[in-house]
Amino acid sequence: MESENKQVHGVLAEFRNPKELVDAANSVRKSGYQDFDTYAPFPIHGMEKAMGIKESPLGWIVLGGALTGMIGALSLMIWVMGYEYPMNISGKPFINYPIYVPITFEITVLLSAFAAVFGMLSLNKLPRFNNPLFNVDRFDKASDDGFFVCIEASDDLFAEEKVSQLFRENGASHIETVYDSE
Amino acid sequence: MSTDYQYVPEPKLVKGDHNFGDITDLIAKTPLSPTPKLWYLAFGLANILLLVLLGAIGYLIWEGTGIWGLNNPAGWGWAIINFVWWVGIGHAGTLISAILFLFRQGWRTAINRFAEAMTIFAVMCAGIFPAIHVGRIWVIYWVFPIPNQMAAWPNFSSPLLWDVFAVSTYFTVSLLFWYVGLIPDFATLRDKAKSKVAKISYGIAALGWTGSFRNWWNYEKAYMILAGLATPLVLSVHTIVSFDFAVSVIPGWHSTIFPPYFVAGAIFSGFAMVLTLMLIARKIYGLEDIMNIDIMEKMNLVLLLTGNLVGFAYLTEGFVAWYSGYIYEQGIFWLYVVGPYAWGFWTLMFCNVVTPQFLWIKSIRRNVVATFIISIIVNIGMWFERFMISVASLATDFMPSAWDYYSPTIWDILTYIGTFGLFFTFFLLFLRFLPMVAIAEVKGVMPQADPHNYDENNEFEEAKTEPVVVQQEQTV
């Protein structure tokens, strides 16, 4: 009875192995669904083709971090050593680029690494602690040895019966409807 | 002779007959089961050593660096030796996780988590030494480029300041790399944990990871970029550490071979330390199938290679001393061999040059006890290498009238021993509460993980059954 006032989040199907999951993802994409995702305990090769995922934009985010680090470090050192606090060290020039290389390199790497980690988390919309999928008991297996596909209700073509039928044709071992928590 | 060649399949990375679920259980059972008594014993011992470290540092801050055996001209003693040694140990972790990742070496998955943890704790131990070596530790913030009350700025042309940036960046990036690798495994522990506290703590650490492929796609990209960043970083860190010496004019230090020589030595000692720790842990935690003999043999080959690189560097040092015609350089090299610290030189020659030669023999490479002994000897040898570089070069510099023999005091020794307390305290916490093998990555290199293995292979076939459709009421 409770389930009546709950929003359907999607339909989740479990498959037996990575191969079946890739095939299922392929057929879900070919059926025209857009809002779906596959879940596995490790990244599966060839899945990006099966699901039709575009190249991750993370590289550009990291490039931004790298340039910020490089320009920031160089300008800090040029300003400090050349203008703010010039020190005569063995008569060398105040602005002495070769000696800036190590620190510039380190700061570039540091900011790129931050960009890579936080960029990845924000592209993945993490941290996110409530997820309707966690309401499904079986979904614990997704981090162990389970292979799942979930077609979400937000998809224009979504219809519970049709989606279940599609999963059945692809040989799913379990099919289950997922509800939002509220 | 036939031109056909025989197809020899690669040996499996995970020994025994395991499926994905077994791997999870094998690794996740340690953090999720009750603490064994042996762990408390080890943790207690580590804590005692940690207290020794805190005591030695406290007394140092109270009394000043005069309590150490430093003298004129040997102003750099055990603190700098230990700093370079611990940083060097740390390098294997990043090498295994970053460089071997870029070279698609699947065997790294058995040891990378372990080695990365070792890196982080080793760099923590290393970082202590230059910090307390400045004498007035309460003004250590002067090394950072922040305006302070004297409106003075650090000198960016000093290799010692490059070190500050190199080591702190190295620590931060290693930590990020480690944590990113841990996220999927935290999710596994969250889903496996029975107790509420464990579920919530691992759940927070997992950041809500679901294993969604759209997430994996960005995750793999991030991991690859981090590996690509860490690879030059790990080489740069020890290069910069070597600049501390090489940029000066002291004979025996002022040498262009230092950067590659330091990096090779770092990887040499780091692999030895990973082997030492791994051979104990695989036994205690029953991970022989994952950290198996094949992986030990591969690590031994790296040890053999880097050991010979280090040996070659010693030879080059001697050759350059002779070929340069620079009497001070020739003098210092001669003093290494027959001078007051010759005992150190011959110890290091035996440990670093002779010992790894045994690894040419396959049966020794595949022998656990022999490998364990060799790994310990290599760690000792690499400590002596840093001792020779720091102390022997400084104590016998240009003018014989200035020479003085350096010997450590009890406080030098206690501080060094104490850092093992710090290292093992953290390492034991890691072994107890975190998955010591990267669960997701080990699964990813198993043959079952590749969809193509199911194409024409009956081995993995499972009987298809009608799907179980779970009723809607059960989902609450």
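On a predicted model such as this, the values are computed, not experimentally measured, just so you know.

## Regarding the overall build of chain B
Part 1 of the reasoning: Tallying secondary structure elements over chain B gives 15 helices and one strand in all.
Part 2 of the reasoning: Taken along its principal axes, the extent of the C-alpha atoms in chain B is 90 × 70 × 40 Å.
Part 3 of the reasoning: Taken over 476 residues, chain B has a buried fraction of 58%.
Part 4 of the reasoning: Put simply, of all contacts in chain B between residues at least 6 apart along the chain, 81% involve residues at least 24 apart.

## Thoughts on the interface of chain B and chain A
Part 1 of the reasoning: Opposite the 71 residues of chain B that make contact, chain A presents 81 residues.
Part 2 of the reasoning: Here chain B packs against chain A, burying approximately 6800 Å² in sum over the two surfaces, 67% of which is carbon and sulfur.
Part 3 of the reasoning: Remark: the boundary between chain B and chain A carries three salt bridges.
Part 4 of the reasoning: One salt bridge in this structure joins Asp37 of chain A and Arg214 of chain B, with 4.0 Å as the shortest N-O distance.

## Some thoughts on the domain arrangement of chain A
Part 1 of the reasoning: The assigned domain composition of chain A is domain 1 (2-54 + 131-179) and domain 2 (58-123).
Part 2 of the reasoning: Here domain 1 of chain A and domain 2 of chain A have C-alpha centroids that lie 45 Å from each other.

## Topic: the packing of aromatic side chains
Part 1 of the reasoning: For the structure on display, the rule yields 66 aromatic pairs over all chains.
Part 2 of the reasoning: The interplanar angle of 75° and the centroid separation of 5.0 Å between the aromatic rings of Tyr328 of chain B and Phe398 of chain B together place this pair among those described as edge-to-face. On the criterion of sequence distance, the pair formed by Tyr328 of chain B in helix α10 (residues 327-338) and Phe398 of chain B in the loop between α13 (368-395) and α14 (410-433) is long-range, its members being 70 residues apart.
Part 3 of the reasoning: When the ring centre of Phe36 of chain A is taken as origin, the NZ or CZ atom of Arg214 of chain B, which lies over that ring, is 5.6 Å away.
Part 4 of the reasoning: Its guanidinium or amino end placed over the ring of Phe433 of chain B, Arg432 of chain B lies 5.1 Å from that ring's centre, counting from NZ or CZ.

## A look at empty space enclosed by the protein
Part 1 of the reasoning: By the definition in use, this model includes six cavities of 30 Å³ or more.
Part 2 of the reasoning: Estimates place the volume of the largest cavity at around 90 Å³.
Part 3 of the reasoning: Of all the secondary-structure elements, those providing two or more residues to the lining of the largest cavity are α8 (258-284), α9 (293-324), α10, α11 (342-354) and α13 of chain B.
Part 4 of the reasoning: Here the lining of the largest cavity is built from residues that sort into nine nonpolar, one polar and two charged.
Part 5 of the reasoning: The calculated volume of the second largest cavity comes to roughly 60 Å³.
Part 6 of the reasoning: Taken together, 15 residues make up the lining of the second largest cavity; nearest its centre are Pro41 and Ser143 of chain A together with Pro184, Thr188 and Trp216 of chain B.
Part 7 of the reasoning: Broken down by secondary-structure element, the contributors of at least two residues to the lining of the second largest cavity are α5 (159-192) and α15 (439-444) of chain B.
Part 8 of the reasoning: For the lining of the second largest cavity, the element with the highest residue contribution is α5 of chain B, accounting for four residues.
Part 9 of the reasoning: Split by residue class, the lining of the second largest cavity holds nine nonpolar, four polar and two charged.

## Brief notes about the sheet that holds strand β3 (residues 147-152) of chain A
Part 1 of the reasoning: Spatially, five strands are ordered β2(A)-β3(A)-β1(A)-β4(A)-β1(B) in an open sheet, and the strand pairing comes out mixed. Taken across any chain shown, the strands that pair with only one partner, and hence form the sheet edges, are β2 (36-39) of chain A together with β1 (468-469) of chain B.
Part 2 of the reasoning: In terms of strand pairing, strand β1 (residues 8-15) of chain A meets β3 of chain A through six bridges, oriented antiparallel. Bridge pairing in β3 of chain A places Gly10 of chain A opposite Glu152 of chain A.

## Concerning the pairing of β3 of chain A
Residues and elements named next belong to chain A.
Part 1 of the reasoning: Counting buried positions over the six residues of β3 gives six, a clear majority of the element.
Part 2 of the reasoning: Here β3 shows two buried faces, one formed by Phe147, Val149 and Ile151 and the other by Phe148, Cys150 and Glu152.
Part 3 of the reasoning: Bridge analysis of β2 against β3 gives four bridges, and the strand direction is antiparallel. Bridge pairing in β3 links Asp37 to Cys150.

How each quantity is defined
Residues numbered from 1 in each chain as written. Chains lettered and ligands numbered in written order. Predicted model: local features only at pLDDT ≥ 70, side-chain atom pairs only at ≥ 80, totals over all residues. Heavy atoms only, no water. Helix = DSSP H or I, 4+ residues; strand = E, 2+ residues; numbered from the N terminus. Buried < 20%, exposed > 50% of the residue type's maximum accessible area, 1.4 Å probe, protein only. Contact = heavy atoms within 4.5 Å. Buried area = accessible area lost by both parts, 1.4 Å probe. Salt bridge = Lys/Arg side-chain N within 4 Å of Asp/Glu carboxyl O. Domains from an automatic or database assignment. Phe/Tyr/Trp six-rings, centres within 6.5 Å; stacked < 30°, edge-to-face > 60°. Lys NZ or Arg CZ within 6 Å of the ring centre and 35° of its normal. 1 Å grid on protein atoms, 1.4 Å probe; cavity = no way out; pocket = protein on both sides within 12 Å on 5 of 7 lines; lining within 4 Å. Points joined across faces, edges and corners; volume = space filled by probe spheres on them. Nonpolar A, V, L, I, M, F, W, Y, C, P; charged D, E, K, R; others polar. Pairing = 2+ DSSP bridges.

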